[in-house]
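# Coordinate analysis (summary)
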Amino acid sequence: MANSPDTTSNTNHPFSQHLVETQKLNMRFGDKHILRDLTVSIRHGQTVAIIGESGCGKTVFLKTLVGLLKPTSGFVLFDQQDLGILSEQELSSLRSRTGFVFQNSALFDSLTVAENIAFPLMHTSSNSTRTNLSINDQSQLVKQALREVGLPDTTLKQHPADLSGGMRKRVGLARALILQPELVLYDEPTTGLDPIVSDIINELIMRSRLKHRVTSILVTHDMKTARKVADRILMLYPLQRLNEHESQIIFDGPPSEIEHCTDPRVQQFIQGDAGSRLRELNIV
Amino acid sequence: MASIPEVQKIPKNAGVAHALSFRESVFQRFDRVTFFIGDLSLFVFQIISWGCRLKLRQGTFVKAGYQIGVLSLPVVGLTGMFIGMVLAVQSFFQFSQIGMESRMGAVINLTLVRELGPVLAATMLAGRVGSAMAAELGTMRVTEQIDALKSMGVNPIHFLVVPRVFAALLLIPVLTLMADFMGIVGGFAYSHYILHIDAHQYFEFSRQYVTGFDLLAGIVKSLFFGGCIAIVSCYFGFHSDRGAQGVGNAATAAFVTSFVLILVMDLFVGISLDKLYYYFNPAGASLF
């Protein structure tokens, strides 16, 4: 199943071209090799869940897609533009077409919820019509964005420190979606949340996809989220556990196929079975 | 009977291995220092590049200005006043031995205006604001807030660093003047009211020896110090390691490096200004 061609897109985008592509992507931190020869294409409107064990490079991969990390070698293409040759200004302009929901929300501590959500409207050099609105119109948009993620207007004046984990995640989602981006990246959107709040986040991701027709890439450990939200699952495996010739992508296909995947490594992960790892870690 | 301890055998090539590991560690250290200088230079280049665009983020600038200027003013004034008084206490004994205590004003005020005022204001700024800047930016780095800025197409150096550097450059001369003024007041108050030195003579000798150039030299020095503190503190914050310890280390490194650089710059800027003074005025008379 490794590196199988992408046949899972269910979008009807007029150009049906790839929004994001990586070619022979490699990433090293010092002596540590994290990503090896990753070639992935993601179509417009697709929702891709990237799964895999901790430390296999999922978040690193996600961050290279918007140029937050520069790959050691290889290419990242966003809308057919090579991020590696873009100027800082071009990269900034391109990033304003994306939204990023961080693992711990990454809300600005010193700003209120309203200021956090309005931040992209006020500070991004985007071509979006939303950045040229009056203060009143921006304020209305912020309130609307907050309601879309199910938070009351009373939270507008609160600071991130006053909110629960689930509320912070929703504010992060509202901030990521306010400029109506073409691509939204989610870094472990449901980690650390209770099952009900996790499902609320899943629903919000699905609704944002339906409403704004965004392309979404989410990194998750949560198989329930991956099955529910994604129309394509991509599983990465840690390089330390692979031979030199093996592909780092050990599964690439729709959620319905992952159950029938014969690769024991995939089955071990989706069943959450420690198995032989206990012996490897000398845990008796 | 106590057992005889076994003599530890030293491998034949231990000396060579030790020399090699020493050489490696020297090279590694050299490598790290070279990387630090190169990285800091690039950081400064980016600050200058973004600073020249003159689109200052006003919110960050006003907040940094308030932190650097308004909140630092009382502590800088207070320490300046006590330093002035301490100078009076320490110099009185020496001057009274040779019957020249009436000239204390010149020494106290010259020392304050040229050296202690700028260095004191800069040290307070490095301790109070520099380490706070490093800790704040370090926390933003660790909690991915800097990545969040980048992901929204906002340059974090333009948004977070440039306003802080501008605020430090703009306000450190004010803090220096405050330290000078309070030091002069403290030194005079102690000399006149406690040591009973004549006020007219105190200020007359000060007027003769302390020139406008001395005051200007202190202000010029302070600009170097202010820029250095803001840049170094922001650099360490930006490159903070993960975790609470990483942020703590960044704050400590910011203060220690700033403080060392303040003293090093004080020497070299002082020498340069003196050279400049004698270049324009070889006779050594007052320029102002």
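Residues numbered from 1 in each chain as written. Chains lettered and ligands numbered in written order. Predicted model: local features only at pLDDT ≥ 70, side-chain atom pairs only at ≥ 80, totals over all residues. Heavy atoms only, no water.

## Notes on the overall build of chain A
So the rule is basically this: A run of H or I in DSSP counts as a helix once it spans at least four residues, and a run of E counts as a strand once it spans at least two, with each numbered from the N terminus. Our radius of gyration looks at C-alpha atoms and nothing else; its globule reference is 2.2 Å times the residue count to the power 0.38. Between buried and exposed lies partly exposed: a residue is buried under 20% and exposed over 50% of the maximum accessible area for its type, with that area taken using a 1.4 Å probe on protein chains only. The contact rule is simple, with two residues in contact once any of their heavy atoms fall within 4.5 Å. What sets the accessible areas is the Shrake-Rupley method with a 1.4 Å probe; for residues, cover comes only from the shown protein chains.
For chain A, the count of helices and strands is ten helices and ten strands. For chain A, the C-alpha radius of gyration of 19 Å lies close to 19 Å, the compact-globule estimate for 284 residues. In terms of principal-axis extent, the alpha carbons of chain A reach across some 60 × 45 × 40 Å. Here chain A, with 284 residues, has 54% of them falling under the buried criterion. Looking at chain A alone, contacts between residues at least 24 apart form 68% of all its contacts between residues at least 6 apart. Within the structure as shown, chain A displays about 13,200 Å² of accessible surface, and the carbon and sulfur contribution to it stands at 50%.

## Let's talk about the pattern of salt bridges
Where we set the bar: Here, a salt bridge means any Lys or Arg side-chain nitrogen found within 4 Å of an Asp or Glu carboxyl oxygen.
Evaluated as defined, the whole model comprises 19 salt bridges over all chains. Note that Lys63(A) and Asp147(B) form a salt bridge whose closest N and O atoms lie 3.0 Å from each other. With Lys63(A) in helix H1 (residues 58-65) and Asp147(B) in helix H5 (residues 145-151), this residue pair bridges two chains. Given a relative accessible area of 7%, Lys63(A) falls into the buried group. Taking relative accessible area as the criterion, Asp147(B) reaches 11% and is therefore assigned buried. A salt bridge links Arg164(B) to Glu136(B); the nearest nitrogen and oxygen atoms lie 3.3 Å apart. Taken together, the positions of Arg164(B) in helix H6 (residues 156-194) and Glu136(B) in helix H4 (residues 104-142) put the pair 28 residues apart, joining distant regions of the chain.

## What about the interface of chain A and chain B?
Our working rule: When two parts are put together, the accessible area they lose, computed with a 1.4 Å probe and summed over both, is reported as buried area. For the purposes of these results, a polar contact is taken to be a pair of N or O atoms within 3.5 Å, where, inside protein, one atom must be able to donate a hydrogen and its partner to accept one; residues adjacent in sequence count only when each atom of the pair is a side-chain atom. Here the nonpolar group is Ala, Val, Leu, Ile, Met, Phe, Trp, Tyr, Cys and Pro; Asp, Glu, Lys and Arg are the charged ones; every other residue, Gly included, is treated as polar.
Taken residue by residue, the interface counts 23 residues in chain A and 17 residues in chain B. A buried area of about 1,600 Å², summed over both sides, lies between chain A and chain B, and 55% of it is on carbon and sulfur atoms. Our count for the chain A to chain B interface comes out at three residue pairs in polar contact (both at pLDDT 80 or more). Among the secondary structure elements, those contributing two or more residues to the side of chain A that touches chain B are helix H2 (88-95), strand E6 (98-101) and helix H3 (113-123) of chain A. For the side of chain A that touches chain B, the per-class residue count stands at eight nonpolar, nine polar and six charged.

## Examining the pairing of strand E3 (residues 47-51) of chain A
Residue and element names in this part refer to chain A. Put simply, the test is: For two strands to count as paired, DSSP must find a minimum of two bridges between them.
Of all five residues in E3, five are buried, a share of seventy percent or more. Residues Thr47, Ala49 and Ile51 of E3 are buried on one face, and the alternating residues Val48 and Ile50, pointing to the opposite face, are buried as well. Pairing analysis gives four bridges linking E3 to strand E8 (residues 215-219), with the strands arranged parallel. Across the sheet, the residue bridging to Thr47 is Ser216, located in E8.

## With respect to the packing of helix H8 (residues 212-238) of chain B against helix H9 (residues 243-280) of chain B
Residue and element names in this part refer to chain B. For clarity, the threshold we go by: To get an axis, fit a line to the C-alpha atoms, keeping to the stretch in contact for a helix; angles then go from 0 to 180 degrees between the N-to-C directions. Each angle gets one of four labels, with under 35 degrees taken as roughly parallel, over 145 as roughly antiparallel, 65 to 115 as roughly perpendicular, and the rest as oblique. It is the rotation of the near helix from the far one that decides the hand of a crossing: anticlockwise by less than a right angle makes it left-handed, clockwise makes it right-handed.
Packing of H8 against H9 brings their axes to within 8 Å, and their N-to-C directions diverge by 150°. Considering the angle they form, H8 stands roughly antiparallel to H9. Both H8 and H9 take part in a crossing whose hand is right-handed. Taken together, the residues of the contact of H8 with H9 break down into 18 nonpolar, four polar and two charged.

## What to know about the confidence of the model for chain A
All names here are of chain A. Put simply, the test is: For every residue, the predictor states its confidence as a pLDDT score lying anywhere from 0 to 100.
Of the residues in chain A, 91% reach a pLDDT of 70 or more, and the chain-wide mean stands at 85. The spread of mean pLDDT over the elements of chain A runs between helix H10 (residues 277-280), the lowest at 74, and E3, the highest at 94. Within the model, the stretch residues 1-16 combines pLDDT values under 50 with 30 contacts to residues more than four positions away or in other chains.

## Considering the packing of aromatic side chains
Applicable threshold: Each Phe, Tyr or Trp ring, with Trp reduced to its six-membered ring, pairs with another whose centre is within 6.5 Å; inter-plane angles below 30 degrees give stacked pairs, above 60 give edge-to-face pairs, and intermediate values give tilted ones. Remark: a charge is flagged as sitting over a ring if the NZ atom of Lys or the CZ atom of Arg is within 6 Å of the ring centre and within 35 degrees of the ring normal.
Overall, the coordinates contain 16 aromatic pairs over all chains when judged by the stated rule. Ring geometry for Phe119(A) and Phe159(B): centres 5.3 Å apart, planes at 70°, overall edge-to-face. One end of the pair, Phe119(A), is in helix H3; the other, Phe159(B), is in helix H6, on a second chain. Neither Phe119(A) nor Phe159(B) differs from the other in exposure class; each is buried. Between Phe43(B) and Tyr235(B), the ring centres sit 5.5 Å apart and the planes meet at 75°, which makes this aromatic pair edge-to-face. Separated by 192 residues along the polypeptide, Phe43(B) in helix H1 (residues 14-51) and Tyr235(B) in helix H8 bring together distant segments of the chain. Its relative accessible area of 5% is what places Tyr235(B) among the buried residues. Each residue in the set Phe36(B), Phe43(B), Tyr235(B), Phe236(B) and Phe238(B) is aromatic and connected to the rest through ring pairs, giving one cluster. Against the face of Phe108(A) rests Arg175(A), its NZ or CZ located 4.9 Å from the ring centre. Above the plane of the ring of Tyr237(A) lies Arg265(A), whose end atom (NZ or CZ) is 5.0 Å from the centre.

## Describing the sheet that holds E6(A)
All names here are of chain A. Strand order in the open sheet formed by six strands is E6-E7-E8-E3-E9-E10, with mixed pairing between adjacent strands. The open sheet is flanked by E6 and strand E10 (249-253), the only strands paired with a single partner. Taken pair by pair, the neighbouring strands of this sheet meet at an average axis angle of 10°, ignoring direction. Across five bridges, the pairing between strand E7 (residues 183-187) and E8 is parallel. Residue pairing across strands places Tyr186 opposite Leu218, the latter belonging to E8.

## Some remarks on the sheet that holds strand E2 (residues 32-43) of chain A
The strands that make up a sheet pair up through hydrogen bonds in the backbone, lying either parallel or antiparallel. Residue and element names in this part refer to chain A. Read across the sheet, four strands follow the order E2-E1-E4-E5 without closing on themselves; strand pairing throughout is antiparallel. At either end of the open sheet lies a strand with only one pairing partner, and these are E2 and strand E5 (81-82). Direction of pairing for strand E1 (residues 18-29) relative to E2: antiparallel, over a ladder of eight bridges. Opposite Glu21, over in E2, you have Ser41 as the bridge partner. Along the sheet, H1 makes contact with E1, E2 and strand E4 (73-78), crossing E1 at roughly 125°.

## Considering the nonpolar core
Convention followed: Throughout this description, the term nonpolar core refers to a set of buried Ala, Val, Leu, Ile, Met, Phe, Trp, Tyr and Cys residues connected via side-chain atoms within 4.5 Å.
Leu35(A), Phe43(B) and Ile68(B) are the most contacted members of the largest nonpolar core, which has 87 residues in total. Per-element tally for this core: the top contributor is H6(B), with twelve residues. Every residue in contact with Phe43(B), bar those within four places of it in the chain, is listed here: Ile157(B), Val161(B), Ile231(B), Cys234(B), Tyr235(B) and Phe238(B). Membership of the second largest hydrophobic core comes to 48 residues, among which are Val171(A), Leu173(A), Ile201(A) and Tyr237(A).

## Let's talk about the pairing of E10(A)
Residue and element names in this part refer to chain A. Burial analysis of E10 places five of its five residues in the buried class, which makes it a mostly covered element. Pairing geometry for strand E9 (residues 232-236) and E10, over four bridges, is antiparallel. Bridge pairing in E10 places Met235 opposite Phe251.

## Some thoughts on the side chain of Ser258(B)
Mapped onto the elements, Ser258(B) comes out in helix H9. Residue classification places Ser258(B) among the buried residues on the basis of a relative accessible area of 0%.

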